[in-house]
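Structural overview for review
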Amino acid sequence: MKIGVVTFPGSLDDRDARRAIRVAGGEPVALWHGDATLRGVDAVVLPGGFSYGDYLRCGAIARFAPVMQTVIDRAGRGLPVLGICNGFQILCESHLLPGALTRNAHLHFRNRDQRLRVENTATSWTSGYRQGEEIVVPVKNGEGCFVAAPDVLDRLEGEGRVVVRYADGNPNGSVRDIAGICNDRGNVVGLMPHPEHAVEKLTGPSIDGLGFFTSVLTAAVS
Amino acid sequence: MPRVVVDVMLKPEILDPQGSAILGALPRLGFDGVRSVRQGKHFELEVDEPVDEARLRELADTLLANSVIEEFTLQVMPL
Amino acid sequence: MIDSVQNARDTPDHPQPYSELGLKSEEYHRIRDILGRRPTSSELAMYSVMWSEHCSYKSSKVHLRQFGDLPQSEALLVGIGENAGVVDIGDGYAVTFKIESHNHPSYVEPYQGAATGIGGIVRDILTMGARPVAVMDPLRFGPADAPDTQRVLPGVVAGIGGYGNCLGLPNIGGEVVFDDGYLGNPLVNALCVGVMRHEDIRLAKATGAGNVVILFGARTGGDGIGGVSVLASETFAADGPKKRPSVQVGDPFTEKVLIECCLEIFAADLVVGIQDLGGAGLSCATTELSSAGSGGMHVVLDRVPLRDETLAPEEILMSESQERMCAVVRPSAVDSFMEICARWEITATVIAEVNDSGRLTIDWRDERIVDVPPKTVAHEGPVYERPLARPLDLDDLRADDPAHLPRPSTSEELRALLLRMVGSPNLCAKTWVTEQYDRYVQGNTVLAQPEDAGVVRVDESTGLGVAVATDGNGRFARLDPYAGAQLALAEAYRNVATTGARPLAVTNCLNFGSPEDPAVMWQFAEAVRGLADGCRALGLPVTGGNVSFYNQTGDKAINPTPIIGVLGVIGDVARRTPMAFGSVPDEVLLLLGDTYPEFGGSEWAWSEHHHLGGRPPAVDLGRERAVAEVLASAAEEGLVSAAHDLSDGGLAQALVECCLRGDVGALVHLDEDPFMALYAESAGRALVALPAGRLGRFTELCQEHAVPATQIGTVRPDHPELTMAGQFGVPLTELRSAYTGTLPALFGAAVGATPPGGVEQDHDVTAEV
């Protein structure tokens, strides 16, 4: 199964996302921001990094890349899309997901091994986890504070669209400790933590992140 | 050449930690009497004539401001 | 009116501001002799910048030659003289690494000074043909509670993070040290490591008459004009920087794109030579490229893409705008080169052509403004033999032995001391700083701070990796610069071995006061001699480094602070040795090496008594080699579960750090003099934890290398307390609270951080260690 990883100018964790896909047993495909084609992939990952240097706002410029027109269109028709960190920011700027990511409340970039609780295991990317499972995954961001209007938040909670929540401490001030959310269909997931950095015991705090990549492989098959 | 100024501010209900940090620093630097600080962005555009204000508002709304969390004012400057 | 070569010939007596530009009268006249006329203003600017201390190393060259005299090891592929040294690490891989300083700019503008320091060292590594893979930052500031430290430290840390994180480089190590002498003279050293295949090595020479020179990257503006010669060669007046010369402002996004663009260009084998533009900008790049290659180059300066059209040609030549590189390209490869740049949206322009005239000529608006022999600018700058004089106070300082200082005698006093020491600014947890750096990007970081060395995997299939450590101790060097330099070398060497790697090469950043002060110059000469002798004894080449002079305010110089970086190789990173206790059951604790009552320059003497005196610990490089061999072999054989070297704060500090990192307790038996056992800072020692079952083989290994190994205790996973048998015990919670609370309390409220009461503080309680 082929999973595309988009590289924008300034993307950083694209190679790591491709590695995670490989470790999970999938075939990673490098996608270029300037090409509108998705090269026949079955799912897409928007990786972490500082696309366009975070100029204007994080993800504000990447959102208009040619590849994004196709991603937005296909996501609307059920293509699984995972936005990690900067990828989450791009998904919000594209309005594929509600809310926005703002500057961390404490104003610092923060890199921590963070405990998370998986609260929605029905999405394309989290079906391999147990409901309520706690995992440890690195967070590393300076603009990771999730905000949304109260009615939007209530709807997200009410519809079970909070996918992962910060447990045992909130690293950036995100409202209601929300670390990641999904669209109503559950094929588009955005999260600030980096599961691609938790797929190898040698280089990560755990291998708890692998589930994001194995889940989508089983989702495609079924 | 006509100039257009767009000022973008976070919506009042959105947390502005940078503004708060600036506010906190002022007494340490000896400035009293400042009650609040909000930080925003100021854009200056030089545009061709004729000035299409509606189109410029669309530009501001689509790119310069994120309407989820920000609002903007747009002013065409007198020549 | 353009000051062309013709104009210079026509107006030989036109007065020139050479001394304002930092040139001495005899240097100015030497330039006139070289050229056979007065220099044009552009030529004067180039010579003044390239002959400044920072660029020409005029005060240090005679001493640094000792590094070139060291036996060249087989592993050294590129030695001193290039942008960075390159070492062979096996399997066809090569690693390049270097450390540099950006001290003065970081005092003036902490964020941008530190950020552009990272930018500069990364470009040096990139220029060698490597993909940069990691950075490290040894930092030194004034006292932690000084108002100016509150200004400088947060900006520096934010700048390093802001630039390095955006480049996608994991920050894997470094140090944060506080000392009175660095107030007004912070030290911001930055190290970068890059990886490549042997065939990827590129050098900075312009060869091949007819080849073109392409300037690519950011546009040129007025950044840092005069920054190099004026800023680095000027000490700050006691009341702060009166001059605020323009500091360089960096854009990490442009550099990130530049990295990817360059790597593609290298992979397509499109460059004959490459140079990055750092200190002295185009002046340096053009003179160095042409003097290293065929000998000549003709530049059309008008072709330089500008951000600011009002710049004069002298300013363009001296500009230190960041994120720029110069490549020498065959004419047949230019189209492909430009196509790659266009895809990455990087500005690229042909600005010059290589020739074999032996001259560097530069035209501006069709007039010749520079016509010089490039070697005279880049490599034949002044060489000073500055006077040396042993500091007059050194004998008194050494006689003031800390042995007489009051020390704790009861268990209660020892317990209280432990908590004070681990919470002291130099020994406390630096998490507040290191959390602002990305350690995960690129997915190859196996160990990062607070571990002894940063370990990065190079090959996923074989596990081949490198370990890098940086160390320095200004107090030791003040008491004895020769020994101090060797102790820093020994510590970095030991740190690399502690993680299970075999040391291979050395880089150094020599931070000193003014070379015009004979006492400082004596310290410098001694430190270089110590480092050279030390490298010879350890069998390591010096691959390159950096000298930073003029770190002083008025006539008070900083403690001489040679920072040494050591790089080692590890065959399989899965075999690395981390420091946390408790990873396996039944761990026994062994102390390797000998402990003597050595407190001169120690953290205890400074932290408790503000005392600096006596002698630093004795150096025994033979013992260091033996200990390193034991640790590296033990890792290869899978004998030890954890190891940590002993340095600042002695055994006490090492025990606390290992227990907290693993979140397990330990029971330790100290001999008759617990204070000495805990706080002496004798060199050549390491703390090792290993499963009881491995004790036999490990002891054998130690005996083979004549390394004393004393069993001092056991790890107790189910008893969360550090217990000094018969003396006192401290619960881990209490230790952790003291260890992790200091920096947040000091810097949590700095400008730019969340002010107290302003914004809701985040309530996370994640373990700091």
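Note: the structure precedes this text.
Residues numbered from 1 in each chain as written. Chains lettered and ligands numbered in written order. Predicted model: local features only at pLDDT ≥ 70, side-chain atom pairs only at ≥ 80, totals over all residues.

Quick notes on the packing of helix α8 (residues 147-167) of chain C against helix α10 (residues 252-267) of chain C
All names here are of chain C. As a packed pair, α8 and α10 sit with axes 8 Å apart at the nearest point and diverge in direction by 30°. Comparing the axis directions of α8 and α10 gives the class roughly parallel. As α8 packs across α10, the resulting crossing turns out to be right-handed. Residues Tyr163, Cys166 and Leu167 of α8 touch α10, and the partners they reach there are Pro252, Phe253, Glu255, Lys256 and Ile259. Per-class residue counts for the contact of α8 with α10 are six nonpolar, no polar and two charged. (Axes fitted to C-alpha atoms, helices over the stretch in contact; angles between N-to-C directions. Helix = DSSP H or I, 4+ residues; strand = E, 2+ residues; numbered from the N terminus. Parallel < 35°, antiparallel > 145°, perpendicular 65-115°, else oblique. Left-handed = near helix turned anticlockwise from the far one by under 90°. Contact = placed C-beta atoms within 7 Å. Nonpolar A, V, L, I, M, F, W, Y, C, P; charged D, E, K, R; others polar.)

Remarks on helix α11 (residues 281-292) of chain C
Residue and element names in this part refer to chain C. Here α11 is twelve residues long and its end C-alpha atoms lie 17 Å apart, about the 16 Å a rise of 1.5 Å per residue gives. Buried residues dominate α11, accounting for twelve of its twelve residues. Of the residues making up α11, those classed as buried are Gly281, Leu282, Ser283, Cys284, Ala285, Thr286, Thr287, Glu288, Leu289, Ser290, Ser291 and Ala292. (Expected span 1.5 Å × (residues − 1). Buried ≥ 20, exposed ≤ 12 C-beta atoms within 10 Å, placed from the backbone.)

Details of the interface of chain A and chain B
At the junction of the two partners, chain A supplies ten residues and chain B supplies nine residues. Here the side of chain A that touches chain B is composed, by residue class, of five nonpolar, two polar and three charged.

Topic: unusual backbone geometry
In this structure, the amide linkage connecting glutamate 49 of chain B to the following residue, proline 50 of chain B, adopts the cis form with an omega of -5°. Residue proline 450 of chain C is reached from glutamine 449 of chain C by a cis peptide bond, and omega for that bond is 10°. Relative to the assigned elements, proline 450 of chain C resides in the loop between β14 (445-447) and β15 (454-457). Phi at arginine 39 of chain A is positive, roughly 50°, even though this residue is not glycine. Along the chain, arginine 39 of chain A falls in the loop between β2 (27-32) and β3 (43-46). For arginine 39 of chain A, a count of 11 C-beta atoms within 10 Å corresponds to the exposed category. We note that aspartate 586 of chain C has phi near 60°; this positive angle belongs to a residue other than glycine. In this fold, aspartate 586 of chain C is placed in the loop between β21 (561-570) and β22 (587-592).

Quick word on the sheet that holds strand β3 (residues 93-101) of chain C
Paired through backbone hydrogen bonds, the strands of a sheet run either parallel or antiparallel to each other. Residues and elements named next belong to chain C. The six strands lie next to each other as β1-β2-β3-β6-β4-β5, forming an open sheet whose pairing is mixed. Sheet topology places β1 (76-78) and β5 (171-178) at the edges, where each strand pairs with a single neighbour. Each strand axis lies, on average, 25° off the axis of its neighbour in the sheet, ignoring direction. Pairing of strand β2 (residues 85-90) with β3, which is carried by five bridges, proceeds in the antiparallel orientation. Counted as the bridge partner of valine 87 is valine 95 from β3. Along the sheet face, helix α7 (residues 110-127) touches β3, β4 (131-141) and β6 (187-197) and points at about 25° away from the line of β6. Against the sheet, α8 touches β4, β5 and β6, its axis set at about 175° to β4. (Pairing = 2+ DSSP bridges.)

Some words on the interface of chain C and chain A
Facing the 35 residues of chain C at the interface are 30 residues of chain A. Of all the elements, α10 of chain C adds the most residues to the side of chain C that touches chain A, at four residues. Tallied by class, residues from the side of chain C that touches chain A come to 14 nonpolar, twelve polar and nine charged.

A short note on the nonpolar core
Residue and element names in this part refer to chain C. Ranked by size, the top nonpolar core spans 327 residues in total, and within it Val213, Val466, Leu655 and Leu687 carry the most contacts. The greatest single-element share of this core, amounting to eleven residues, is contributed by helix α19 (residues 481-498). Beyond its immediate sequence surroundings of up to four residues, valine 466 is in contact with Ile89, Val95, Val193, Val456, Val458, Leu567, Gly568, Val569 and Ile570. (Core = buried A, V, L, I, M, F, W, Y, C linked by C-beta atoms within 7 Å.)

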